[in-house]
Amino acid sequence: MKKIYFCFLLFPLLFSCTDNDDAYINKPLDFVVPSNFPELQYNLALNPPTEKGFELGKKLFYDGRLASDGLVSCGFCHIQENAFTHHGHTFSHGVGEGIGTRNTPSIQNMSYQTAFMYDGATNHLDLQPIIPLTNVVEMNGDLNAILVMMKGDPAYRSLYKQAFKDGAITTENMLKALSQFMVMLTSSNSKFDKYSRNETGGSLTTDELAGYALFNANCASCHATDLMTDNSFRNNGLVINPAINDVGRYRVTELAKDYYKFKVPSLRNVEMTAPYMHDGRFGSLESVLDFYSSGVTDSSTLDPILKHNGVLGIPLTETQKLQLIAFLKTLTDNQYLTDKRFSEY
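Rules used in this analysis
- Here, residues in each chain are numbered from 1, in the same order as that chain's written sequence.
- Since the coordinates come from a predicted model, pLDDT governs what is reported: local features require at least 70, and pairs of side-chain atoms require 80 or more to be given and counted, while whole-chain, interface and lining totals use all residues.
- Just so you know, side-chain values use all the structure's heavy atoms and leave hydrogens and water out.
- Put simply, two rings from Phe, Tyr or Trp (the six-membered ring, in Trp's case) pair if the centres are within 6.5 Å, and we call them stacked under 30 degrees between planes, edge-to-face over 60, tilted for the rest.
- Exposure classes here rest on a 1.4 Å probe applied to the protein chains alone. A residue is buried below 20% of its type maximum, exposed above 50%, and partly exposed in between.
- Every residue carries a pLDDT, the predictor's confidence in it, which falls somewhere between 0 and 100.
- Any two residues whose heavy atoms approach within 4.5 Å at even a single point are treated as in contact.
- Put simply, DSSP H or I for four residues or longer makes a helix, DSSP E for two residues or longer makes a strand, and each gets a number counted from the N terminus.
- Arc, as used here, means the arc of the directions from the helix axis to the C-beta atoms.
- Whenever a nitrogen or oxygen atom comes within 3.5 Å of another N or O atom, the pair is scored as a polar contact, on the condition that within protein one atom can donate a hydrogen and the other can accept it, and that pairs from neighbouring residues in sequence are kept only if both atoms are in side chains.
- What is meant by a nonpolar core is a set of buried Ala, Val, Leu, Ile, Met, Phe, Trp, Tyr and Cys residues, joined one to another through side-chain atoms within 4.5 Å.
- Salt bridge, as applied in this entry: a Lys or Arg side-chain nitrogen positioned within 4 Å of an Asp or Glu carboxyl oxygen.

### What about the packing of aromatic side chains?
Inspection of the entire model under this criterion finds 22 aromatic pairs. When the centroid spacing of 4.0 Å and the interplanar angle of 10 degrees are considered together, the rings of Tyr250 and Tyr259 count as stacked. Look at Tyr250 and you get partly exposed, because its relative accessible area is 23%. What links up through ring pairs into an aromatic cluster is the set Phe54, Phe61, Tyr62, Phe84, Phe181, Tyr336 and Phe342.

### A short note on the confidence of the model for the chain
On average, residues of the chain score 94 in pLDDT, and 93% of them reach the 70 mark or higher. Low pLDDT, under 50, characterises residues 5-22; the stretch is placed with 42 contacts to residues that sit more than four places away or in other chains.

### Considering helix α4 (residues 143-151)
Taken together, the buried positions of α4 are Ile146, Leu147, Met149 and Met150. All buried residues of α4 lie within an arc of 160 degrees about the axis, which places them on one face of the element. Facing away from the buried side of α4 by over 90 degrees, the exposed positions are Asn144 and Val148. For α4, the secondary structure elements touched by its buried residues are α1 (51-61), α3 (130-134), α5 (154-163) and α6 (171-183). Between the side-chain oxygen at the start of α4 and the backbone nitrogen of Asn144 there is a gap of 2.9 Å, and the oxygen is on Asp142.

### A few points about the side chain of Asp63
With respect to the secondary-structure elements, Asp63 resides in the loop between α1 and α2 (74-77). According to the relative accessible area criterion, Asp63 is buried, its value standing at 8%. Setting aside residues no more than four positions away along its own chain, Asp63 makes contact with Ser73, Met149 and Tyr156.

### Brief notes about the nonpolar core
Counting 48 residues, the largest nonpolar core has Leu56, Leu60, Met150, Tyr160 and Met174 as its most contacted members. Sorting the residues of this core by element identifies β4 (31-33), α1, α4, α5, α6 and α12 (334-338) as the ones contributing at least two each. Met174 has contacts with Leu60, Leu133, Leu143, Ile146, Met150 and Tyr160, leaving out every residue within four places of it along the chain.

### Comments concerning the pattern of salt bridges
As enumerated under the stated definition, the model contains 17 salt bridges in all. A salt bridge links Asp63 to Arg65; the shortest N-O distance between them is 3.0 Å. Notably, a salt bridge pairs Arg102 with Asp246, separated by 2.7 Å at the nearest N-O pair. With Arg102 in the loop between α2 and α3 and Asp246 in the loop between β5 (233-234) and α9 (250-253), this residue pair connects regions lying 144 residues apart in the sequence. Taken as a pair, Arg102 and Asp246 share a single burial class, namely buried. Each of Asp63, Arg65 and Asp153 takes part in one network of salt bridges that share partners.

Below, the structure is given as structure tokens:
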């Protein structure tokens, strides 16, 4: 594994929680790039994670006061034990019992991604939180009101002074702190990772190996690298939900070629993140594979990978489906799902 250090960050900051003059030295966090992962996409040099930056980002992530109702935090819909998804909920829930139109995506390995949200509404991790924070159905937050709240909170005042050289409570620093928390959310210790790195505990069963072979032959073009996504946008042939008519990537680009294309999700921890698809229409992995085997519908923007010689989808036998699911379950990273560093309490 490669380690990235930011030793030059050892700068002194005043510790002001008790209004004394004790000096506090903020410490950089080691960021480890797993040997089986591709290169980082997030520029750590511009916002290197530190102990107090991470602590501040975590506090913000779980603080319901960022929402207009004082209750709905980022962590309300992103639950750690389910790879930071809202397990069991078709759509995300928000303030005033509002319900969105998309399923809550997982949060993991964000620093390796090039676009965020199902439609790629932003391509920078520092900007991503603004979308749910200000969305009227999700958190309905007011950035100015959030700043006033934090400036009136002694714990926030102390953390900002410790986390940032200027010590300022600003929207920019708030977003950077949230990024530092999300950057550290690395899932890289599943059974499959150990197999990929030839480590102890990485022996796959006959069915898991058969499923991996099927995966490489039929799925890895989109769910690429050990991140299990190529960060692209694709139309996978879902029947359009007329009640929502979510046009996907077209909503951002307004290009006809992007109609009904959605970001390819990572399959890491997929066993724990039901329901599936951007609108949560499938409740099990079995139903997902049934769809790809016999439910794909044609359209002008359907991904060519799903249309070979006039045959739609990915024909699979029942045995092959079981083998694929066996492999997908090797992507579950229990260490990540239970890591106390990332939990609210």
